[in-house]
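Coordinate analysis (summary)
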Amino acid sequence: MAARARVLVLGAGVSGLSSALLLLERGHAVTLWAREDPLHTTSAVAAALWYPFEAGPPERVEAWAARSYVRFLELARRGVPGVVIEVLLDLRSPAIDPPAWVRGLEGFVPLAEEQRAGFEQGWSARVPVIETPLYLPWLAARVRALGGAFERRALESFEEARGFDLLVNCTGLGARELCDDRQCYPIRGQIVRVPRGPVARALVFQHADGSFGYVVPRARDCVLGGTAERGNASLALDEPTSRAILARCRALEPLLSERIVSAAAGLRPGRDAIRLEREHLPDGRALVHDYGHGGCGVTLSWACAEDVLALVTEALN
């Protein structure tokens with residue numbers, strides 16, 4: 001076992017919290033520095049259906065997703081707040097060769113033509129839905145219970161992080177400035193929320209023209225999406241976009257309410273390839289990066305955190 005180390009985790013979104021929790025469980029002393037508390041991060045806006053989306057490279061994403069899927073199933077069965085299993089209907093045109101992760105899902109069943117609502121392909125399966133306003137506080141409480149310390153602090157340079165043996169960078173889109181990483185870019189997503197009503201399943205769909213949408217049922221509402229606007233860093237809400245999202249989703253799920261309760265926009269941390277690797281600072285301390293998860297930070301969170309722990313352990317041995 002690696003020696004107990006003083007670890008600084010940068011970022012309090014789902015990646016930072018999950019990494020901090022595994023490091024604490026291994027016996028390390030962990031401090032988190034973040035600009036925002038967990039419920040004000042991009043993770044808190046996410047619909048958080050377990051579903052690989054807007055991230056690469058594909059082979060690593062698929063492996064991380066499959067590992068995290070198992071962990072989320074376990075959390076749902078333990079009754080962890082905000083983690084439940086829902087039936088998902090996945091509809092798409094044109095048809096594709098289903099990724100390996102699809103066939104590994106519980107209850108995976110290809111849909112017959114009459115079940116596909118005019119789409120060329122479809123399948124049904126059971127997947128986790130993570131209600132982040134409930135789940136993130138649970139993660140943060142677990143971190144605190146194990147002795148993790150939180151500080152609201154913005155970091156301009158890694159040189160400011162004195163007094164720690166090792167650093168873990170989970171700053172998401174903030175890595176663009178912190179690491180001078182020009183490969184990072186925002187992917188704007190806008191969602192709307194409507195009352196849950198009688199909706200009994202999650203839905204993901206993609207049309208041949210590239211338009212897409214999703215319906216994610218939660219305890220009291222349904223999150224409807226969405227957009228994936230690469231390079232757009234605006235958080236201003238657009239009313240016509242909200243109405244278009246609702247119309248697309250209601251066309252396929254008529255049980256949805258027509259009443260929009262709220263809308264929100266967030267900036268997914270885009271990068272052509274997720275950065276999960278270790279380097280060394282000029283003073284010799286290890287720096288582990290875990291950012292650039294695009295639209296599936298929650299989906300990949302546990303497997304990526306396990307890899308963070310492995311890199312930290314290697315650095316300390």
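What comes next is a walk through the structure.

Conventions and cut-offs
- Numbering of residues begins from 1 in every chain and follows the order in which that chain's sequence is written.
- In keeping with the predicted nature of the model, local features appear solely for residues at pLDDT of at least 70, side-chain atom pairs appear and are counted solely at 80 or more, and the whole-chain, interface and lining totals rest on all residues.
- No hydrogens and no water enter the side-chain calculation; it runs on all heavy atoms of the structure.
- Centre distance within 6.5 Å is the pairing criterion for rings of Phe, Tyr and Trp, where only the six-membered ring of Trp is used; planes under 30 degrees apart are then read as stacked, over 60 as edge-to-face, and the remainder as tilted.
- In DSSP terms, a helix is any run of H or I states spanning at least four residues, a strand is any run of E spanning at least two, and both are numbered starting from the N terminus.
- Buried residues are those whose accessible area, probed at 1.4 Å on protein chains only, stays under 20% of the maximum for their type, while exposed residues exceed 50% and partly exposed ones sit between those limits.
- When the NZ atom of lysine or the CZ atom of arginine is within 6 Å of a ring's centre and also within 35 degrees of its normal, the charge is said to sit over that ring.
- A helix is expected to span 1.5 Å for every residue after the first.
- As used here, the arc is the angular range of directions from the helix axis to the C-beta atoms.
- Axis angles are defined between N-to-C directions and span 0 to 180 degrees, where every axis is a line fitted to C-alpha atoms and, for a helix, only to the segment in contact.
- Orientation categories follow fixed angle ranges, with anything under 35 degrees roughly parallel, anything over 145 roughly antiparallel, 65 to 115 roughly perpendicular, and all other angles oblique.
- Two residues form a contact once any of their heavy atoms are found within 4.5 Å.
- For this classification, the nonpolar set comprises Ala, Val, Leu, Ile, Met, Phe, Trp, Tyr, Cys and Pro, the charged set comprises Asp, Glu, Lys and Arg, and every other residue, Gly included, is treated as polar.
- We call two strands paired when DSSP finds no fewer than two bridges between them.

Turning next to the packing of aromatic side chains. Under the counting rule described, the total for this entry stands at 8 aromatic pairs. For the pair Y51 and W101, a centre-to-centre distance of 5.5 Å together with 80 degrees between the ring planes defines the contact as edge-to-face. One end of the pair, Y51, is in the loop between helix 2 (42-45) and helix 3 (58-78); the other, W101, is in helix 4 (residues 100-103), with 50 residues separating them in the sequence. Taking relative accessible area as the criterion, Y51 reaches 10% and is therefore assigned buried. Each member of the aromatic cluster is reached from another via a ring pair, and the members are W50, Y51, Y69 and W101. Here the guanidinium or amino end of R71 rests over the ring plane of W302, the centre of that ring lying 4.5 Å away. Its end group placed over the ring of F150, R144 keeps NZ or CZ at 4.2 Å from the ring centre.

Its 14 residues give helix 7 (residues 239-252) an end-to-end C-alpha distance of 21 Å, which sits within 8% of 20 Å, the value for a rise of 1.5 Å per residue. Where helix 7 is concerned, the buried positions are S242, I245, L246, C249 and L252. Across the axial projection of helix 7, the buried residues extend over an arc of 135 degrees, all falling on one side. With respect to the buried face of helix 7, the exposed residues turned more than 90 degrees away are P240 and A251.

The next subject is unusual backbone geometry. Negative phi is the rule for most residues except glycine; trans is the rule for most peptide bonds. Here the bond from G56 into P57 is cis, since omega is 0 degrees, no more than 30 degrees from zero. By secondary structure assignment, the location of P57 is in the loop between helix 2 and helix 3. Following G225, the chain continues into G226 via a peptide bond in cis, with omega recorded as -10 degrees. With respect to the helices and strands, the residue G226 is situated in the loop between strand 11 (221-225) and strand 12 (229-230). A positive phi angle, close to 50 degrees, is found at A117, a residue other than glycine. Mapped onto the elements, A117 comes out in the loop between strand 4 (106-110) and strand 5 (121-130). The class for A117 is exposed, based on a relative accessible area of 52%. Positive phi outside glycine occurs at D180, with the angle close to 50 degrees. For D180, the location among the structural elements is in the loop between helix 6 (175-178) and strand 8 (185-195).

The interhelical angle for the contact between helix 3 and helix 8 (residues 297-316), taken along N-to-C directions, is 100 degrees, at an axis separation of 7 Å. Here helix 3 lies roughly perpendicular to helix 8, going by the angle between them. Each of V61, W64, A65, R67, S68, R71, F72 and L75 in helix 3 lies in contact with helix 8, whose residues at this interface are V298, T299, L300, S301, W302, A303, C304, E306 and D307. In terms of residue class, the contact of helix 3 with helix 8 is made up of 10 nonpolar, 3 polar and 4 charged.

Let us look at the sheet that holds strand 2 (residues 29-34). Here we have 6 strands laid out as an open sheet, ordered 6-2-1-7-15-14, and mixed in their pairing. In the strand order of this sheet, the two ends are held by strand 6 (149-152) and strand 14 (275-280), each with one partner. Adjacent strand axes in the sheet meet at a mean angle of 20 degrees when their direction is disregarded. Here strand 1 (residues 6-10) runs beside strand 2; their pairing, made up of 5 bridges, is parallel. Bridging across to strand 2, V7 finds its partner in V30. Against the sheet, helix 8 contacts strand 7 (166-169), strand 14 and strand 15 (286-291), and its axis sits at roughly 15 degrees relative to strand 14.

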